[in-house]
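Chains, contacts and geometry: an overview
Residues per chain, in single letters:
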Amino acid sequence: MKTSPGLYIHVPFCVRKCHYCDFYSIPCATGDQTFFLDALDRELAALPDRFFPGTVYMGGGTPSSLSVDNLKRLLKLVGKAVDLYHVQEWSIEVNPGTLTPEKARLLIEAGVNRVSLGVQSFDPENLAFLGRIHTRDEAEAAYLMLREAGFANVGIDLIYGIPGSGHAKLAKDLARVIQLNPEHVSCYCLIFEEGTPLTELRDRDRISEVDDEEELDQYNLIRDALDCAGLRQYEISNFARVGRECRHNLLYWSGGEYIGCGPAAHSHWRGMRYGNVRSLESYCAAFKDKSSPREFEERLEPEAKARETLVMSLRRCDGVDRDFFKKDTGFDYRKLAGDQIDWLCSLELLEERDNRLRLTERGLFVSDSVFAELI
Ligand code: SF4
């Protein structure tokens, strides 16, 4: 059975930029929010006929930084654009420093049923280092606010590999997460993206990246702690209680189709990959001038698409079923990349058992290098 597509909405506002972030976002001035929602309304109205998403994901940026009135309007726009009857999972990313009981209530009343709470760390020094706008207490209060509003599916996002913050602080963060008992946890290693303040500090030798050995040690700590707490690892950086895996992200990790709306949003739809301009001004201007907000578009050749699906699917811990992959893409993964697969298996980075290919424990940690061989 064909999986339903997903709808992604990029809300391009943040209270202020975190020191490590290179996602597209700007400070949240109310006037800009109105222009954004006007343009988004038009983009959503132009969604293809018979586009019935099974998941909606509102990310950014910080969707929860919208004013109450604008958040209400965003929720209404989604309700108008998609048939919510088909939507099994409607997620929103929430920054703990921007949530209020009123916003939490609005979200659940509209039908949002999953929240990804960007805590990143409970440690005050880590929060300051990362440039987060919230405190530890605000993160905990936001989590409880969501529970009080009735959310039964809450994920907590953490960052590890923070310079100057070792094993002990991470263990404390994990212990607190486990006490709070979320349904889902995402743990991403801090990445030094070009053009961010943290990268500038590193390049001026003011801070150093955590070395590979320490990073692996922290990754294993996360995997062990969350596994013991019943949060099963289902993707390189994601853990969930059974049945609480993020369906929208699983769609990305199986090469599924989705349409992204909002500035800088990307889409994969009907054999095409395209992305909107990374500027709110140009995005809004495009809808005003009735021109296209797209910055690029490309047709995916079947073989390139199959390779991409292979790599994306290998992110999942259950790996890739050979027969299913062939049915889905029209390609046998052994014909696509048999030599590379054999070589990666000989290095114990991939394993193939019962007609299924997956990353090994070692492979999980160096997945980017494995994928570079396969793409
Ligand atoms: S809140 Fe999220 S999107 Fe906004 S700057 Fe921080 S990390 Fe980036």
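Model, not experiment: these values are computed from the prediction. (Residues numbered from 1 in each chain as written. Predicted model: local features only at pLDDT ≥ 70, side-chain atom pairs only at ≥ 80, totals over all residues. Heavy atoms only, no water.)

Things to note about the pattern of salt bridges
- Across all of its chains, the model carries 24 salt bridges by this definition.
- With a shortest N-O distance of 3.0 Å, D203 and R202 are connected by a salt bridge.
- R322 is the salt-bridge partner of D332, the closest N and O atoms lying 2.9 Å from each other. Of this pair, D332 sits in the loop between α12 (322-329) and α13 (333-346) while R322 sits in helix α12; the two residues are 10 residues apart in sequence, bridging distant segments of the chain.
- Each of D123, E125 and K169 takes part in one network of salt bridges that share partners. (Salt bridge = Lys/Arg side-chain N within 4 Å of Asp/Glu carboxyl O. Helix = DSSP H or I, 4+ residues; strand = E, 2+ residues; numbered from the N terminus.)

Observations concerning the site of the ligand
- All residues in the neighbourhood of the ligand are listed as C14, R16, K17, C18, Y20, C21, G61, T62, N95 and R132.
- A class-by-class count of the residues in the shell around the ligand yields 4 nonpolar, 3 polar and 3 charged. (Near = heavy atom within 4 Å. Nonpolar A, V, L, I, M, F, W, Y, C, P; charged D, E, K, R; others polar.)

Digging into the nonpolar core
- In terms of nonpolar packing, the biggest core is built from 88 residues, with L40 and M58 touching the most fellow members.
- Sort the elements by how many residues they give to this core and helix α2 (residues 68-81) lands first, with 6 residues.
- Residues within four places of L40 in sequence aside, it is in contact with I9, L74, L77, C261, G262 and Y283.
- One finds C18, I162, L190 and L198 within the second-largest nonpolar core, a separate group that totals 10 residues. (Core = buried A, V, L, I, M, F, W, Y, C linked by side-chain atoms within 4.5 Å. Buried < 20%, exposed > 50% of the residue type's maximum accessible area, 1.4 Å probe, protein only. Contact = heavy atoms within 4.5 Å.)

Observations concerning helix α6 (residues 167-180)
- Between its terminal C-alpha atoms α6 stretches 20 Å, which fits the 20 Å expected from 14 residues at 1.5 Å a residue.
- Buried within α6 are the following residues: L170, D173, L174, R176, V177 and L180. Mapping the buried residues of α6 onto a view down its axis gives an arc of 160 degrees, with all of them on the same face. Opposite its buried face, α6 presents the exposed residues A168, K172 and Q179, each directed more than 90 degrees away.
- In this structure, the buried residues of α6 make contact with β6 (114-120), α4 (124-130), α5 (136-149), β7 (154-160), β8 (184-189) and α8 (212-228).
- Looking one or two residues past α6, N181 carries a phi angle of roughly 70 degrees, positive in sign. (Expected span 1.5 Å × (residues − 1). Arc of directions from axis to C-beta.)

Quick look at the packing of helix α11 (residues 302-314) against α13
- Across the interface, α11 lies against α13 with an axial gap of 10 Å and an inter-helix angle of 65 degrees. Viewed along their axes, α11 and α13 form a crossing whose handedness is right-handed. Contacts from E303, A306, R307 and L310 in α11 reach Y333, L336, A337 and Q340 in α13. (Axes fitted to C-alpha atoms, helices over the stretch in contact; angles between N-to-C directions. Left-handed = near helix turned anticlockwise from the far one by under 90°.)

Quick word on the domain arrangement of the chain
- Domain annotation for the chain reports domain 1 (6-252) and domain 2 (302-374).
- The centre of domain 1, based on its C-alpha atoms, is set 28 Å off from the matching centre of domain 2.
- Domain 1 puts 11 residues into the contact, and the matching count from domain 2 is 10 residues.
- Buried area between domain 1 and domain 2, both sides added, is near 960 Å², and the carbon and sulfur share of it is 63%.
- Per-residue buried area on domain 1 facing domain 2 is highest for R223, E235 and I236; these three make up 45% of the total on that side.
- Viewed at the interface, domain 2 and domain 1 are joined by 2 salt bridges.
- In this structure, the salt-bridge partner of R315 is E235, at a minimum N-O distance of 2.6 Å.
- On inspection of domain 1 and its partner domain 2, the count reaches 4 residue pairs in polar contact (both at pLDDT 80 or more).
- Within the residue set of the side of domain 1 that touches domain 2, elements represented by two or more residues are α8, β9 (232-235) and α9 (247-252). (Domains from an automatic or database assignment. Buried area = accessible area lost by both parts, 1.4 Å probe. Polar contact = N/O pair within 3.5 Å; in protein donor to acceptor, adjacent residues only side chain to side chain.)

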